[in-house]
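Chains, contacts and geometry: an overview
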Amino acid sequence: MIFVKEKRSQIAITGANGFVGRNIRKFLSHNKMSVISLTRNKHMPLKYETNIRYSDLDQKNLIPKLKNCYALVHLIGQGIQSVDATYDDVNVELTKKIVKLCQNAKIRKIVYISGFGVNQSTTFGYFISKFEAEQEIIRSGLDYTILRASYIVGNNDPLTKNLNKQIKRGTIIIPGSGSYRLQPISVNDVTKTILASIANKQFSNKIVDLVGPQTITFENFVKKFAKKQTKIKKIDLEEAYRTALNQPKNAIYGLDDLNILVGDFVGNHKKLEQLCGFKLTPLKEIL
Ligand SMILES: NC(=O)c1ccc[n+]([C@@H]2O[C@H](COP(=O)([O-])OP(=O)(O)OC[C@H]3O[C@@H](n4cnc5c(N)ncnc54)[C@H](OP(=O)(O)O)[C@@H]3O)[C@@H](O)[C@H]2O)c1
């Protein structure tokens, strides 16, 4: 590992109270690695963790606290926007602030989780903001690893939470045919990949697809979750989009949830396995 020989051996994490954040904190703490988590709300820190609550990413206040950090894992992000918090505000502007913070605190490495399918010709809001955030990071001069993640699955992940909510109501809704595919990756593989990105030179200044080893149609994914008594109902895709647009509070799938689902984004996991040097968890063990 390159960074354990460094004077600075701590790892900072933003968005540390979120799904990936909770899992990476647990994983690093389990491996006795010292973590500084930056969050908007305080939480009970784990054994090797210091939790810092911030309100506005105030540089002066934060820089001295990050003086022993070698890397920062940037997990702040949002997949649905509102007037109060647009994609630009959260995904782009906060990334600019985090990049500045890394530069000023002399943090060498940044790891960012972008979206699988993001590219220069992206046309929808969430992916455009992720692309712009990626560009900020690439231009920063920091050593970066951008992980373009497909659905990350684990205990209480956002997609499973959504499906479980629907199961409680008795019916899972499938927008359109459900024949579009996902390539879920285990959150445990994601945490291991984040650490590998920090520790191994092969991940330096790279964009890597964070996809699982198998694809599955959304319909089959849903069937794996459904209980015996759960009904599965397909609704017209246009209807799903209309609700997402006009009644976002009642929508089961947000506008960009739908864009990502029907986008049918699938890729090759081999490069990730090669870089990481471990086999990704098979789908049947994830679901
Ligand atoms: N989960 C997936 O399947 C998936 C797939 C592709 C990409 N990603 C990306 O991976 C990253 C982590 O995902 P996740 O599933 O852990 O997301 P999450 O559970 O929604 O957590 C995101 C974190 O972002 C922070 N955040 C959100 N809005 C903010 C705001 N206005 N100001 C400051 N902080 C804000 C929060 O940090 P606090 O801890 O301070 O509350 C929150 O914990 C995100 O960038 C996401 O877009 C996730």
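In what follows, the structure referred to is the one given above.
Values in this document were obtained by computation on a predicted structure and should not be read as measured data. (Residues numbered from 1 in each chain as written. Predicted model: local features only at pLDDT ≥ 70, side-chain atom pairs only at ≥ 80, totals over all residues. Heavy atoms only, no water.)

Side note on the pattern of salt bridges
- By the definition in use, this model includes eleven salt bridges.
- Lysine 201 is paired through a salt bridge with aspartate 143; the nearest N and O atoms lie 3.9 Å apart. Taken together, the residues span a long stretch of sequence, with lysine 201 in the loop between helix H6 (187-199) and strand S11 (206-210) and aspartate 143 in strand S6 (residues 143-149) at a distance of 58 residues.
- Its relative accessible area of 51% is what places lysine 201 among the exposed residues.
- In this structure, glutamate 219 and lysine 223 form a salt bridge, with 3.6 Å as the shortest nitrogen-oxygen distance. Highlighted residues: glutamate 219 and lysine 223, both in helix H7 (residues 218-225), separated by four residues, approximately one helical turn.
- Residue lysine 223 is classed as partly exposed on the basis of its relative accessible area, which comes to 47%.
- One salt-bridge network, in which partners are shared between bridges, spans Lys109, Asp143 and Lys201. (Salt bridge = Lys/Arg side-chain N within 4 Å of Asp/Glu carboxyl O. Helix = DSSP H or I, 4+ residues; strand = E, 2+ residues; numbered from the N terminus. Buried < 20%, exposed > 50% of the residue type's maximum accessible area, 1.4 Å probe, protein only.)

Some words on the environment of threonine 39
- With respect to the secondary-structure elements, threonine 39 resides in strand S2 (residues 35-39).
- What makes threonine 39 buried here is its relative accessible area of 3%.
- Separated by twelve residues in sequence, threonine 39 and phenylalanine 27 have C-alpha atoms that sit 18 Å apart.
- Not counting residues within four places of it along the chain, the set of residues in contact with threonine 39 comprises Ala16, Asn17, Asn51, Ile52, Arg53 and Tyr54. (Contact = heavy atoms within 4.5 Å.)

Some remarks on the packing of helix H1 (residues 19-30) against H6
- Here H1 crosses H6 at 65°, and the two axes come no closer than 9 Å. Crossing angle aside, the handedness with which H1 passes H6 is right-handed. Facing H1, whose interface residues are Phe19, Val20, Asn23, Ile24, Phe27 and Leu28, H6 presents Val187, Val190, Thr191, Lys192, Ile194 and Leu195.
- Each residue belonging to the contact of H1 with H6 can be placed in one class, and the counts come to nine nonpolar, two polar and one charged. (Axes fitted to C-alpha atoms, helices over the stretch in contact; angles between N-to-C directions. Left-handed = near helix turned anticlockwise from the far one by under 90°. Nonpolar A, V, L, I, M, F, W, Y, C, P; charged D, E, K, R; others polar.)

Some details on the environment of leucine 182
- With respect to the secondary-structure elements, leucine 182 resides in strand S9 (residues 181-182).
- Sequence-wise, leucine 182 and phenylalanine 265 are 83 residues apart; in three dimensions their C-alpha atoms are separated by 6.7 Å.
- In contact with leucine 182, other than residues within four places in its own chain, are Tyr151, Leu159, Gln214, Thr215, Ile216, Phe218, Phe221 and Leu261.

Things to note about the packing of helix H8 (residues 237-246) against helix H9 (residues 255-262)
- One can describe the packing of H8 onto H9 by two numbers: an axis separation of 8 Å at closest approach and a directional angle of 150°. By the angle between their axes, H8 is roughly antiparallel relative to H9. Of the residues in H9, those touching H8 at Leu237, Ala240, Tyr241, Ala244 and Leu245 are Leu255, Leu258, Asn259 and Val262.
- Taken together, the residues of the contact of H8 with H9 sort by class into eight nonpolar, one polar and no charged. (Parallel < 35°, antiparallel > 145°, perpendicular 65-115°, else oblique.)

As for helix H5 (residues 158-169)
- Relative to the 16 Å expected for twelve residues at 1.5 Å per residue, H5 spans 17 Å between its end C-alpha atoms, a close match to the ideal helical length.
- Every buried residue belonging to H5 is among Leu159, Thr160, Asn162, Leu163, Gln166 and Ile167, and all of these are buried. Relative to the axis of H5, the buried residues are bounded by an arc of 160° and lie together on one face. Those residues of H5 that are exposed and aimed more than 90 degrees away from the buried face are Pro158, Lys165, Lys168 and Arg169.
- Of the surrounding elements, those touching the buried residues of H5 are strand S7 (152-153), strand S8 (171-175), S9 and H7. (Expected span 1.5 Å × (residues − 1). Arc of directions from axis to C-beta.)

Some points on the side chain of histidine 269
- Along the chain, the position of histidine 269 falls in the loop between H9 and helix H10 (270-276).
- On the basis of relative accessibility, which here comes to 14%, the residue histidine 269 falls in the buried class.
- Excluding anything up to four places from it in sequence, histidine 269 contacts Gln183, Val211, Gly212, Pro213 and Leu280.

Here's the deal with a negative patch on the surface
- Residues Asp84, Asp88, Asp89 and Glu132 make up a contiguous surface patch of negative charge.
- Checked against the element boundaries, glutamate 132 lands in helix H4 (residues 125-139). (Patch = residues over 30% accessible without salt bridge, like charges linked within 9 Å, V, L, I, M, F, W, Y side chains within 5 Å. Areas by Shrake-Rupley, 256 points an atom, 1.4 Å probe, with all protein chains shown as cover. Lys, Arg positive; Asp, Glu negative; His and termini not counted. Charge placed at Lys NZ, Arg CZ, Asp CG, Glu CD.)

Topic: the nonpolar core
- Ile13 and Ile194 are the most contacted members of the largest nonpolar core, which totals 33 residues.
- Mapped by element, the contributors of at least two residues to this core are strand S1 (10-14), H1, strand S4 (69-74), strand S5 (109-115), S6, H6, S11 and H10.
- Sort the elements by how many residues they give to this core and H6 lands first, with six residues.
- Grouped together as the second largest cluster of nonpolar side chains are 26 residues, Cys69, Cys102, Ile107 and Ala133 included. (Core = buried A, V, L, I, M, F, W, Y, C linked by side-chain atoms within 4.5 Å.)

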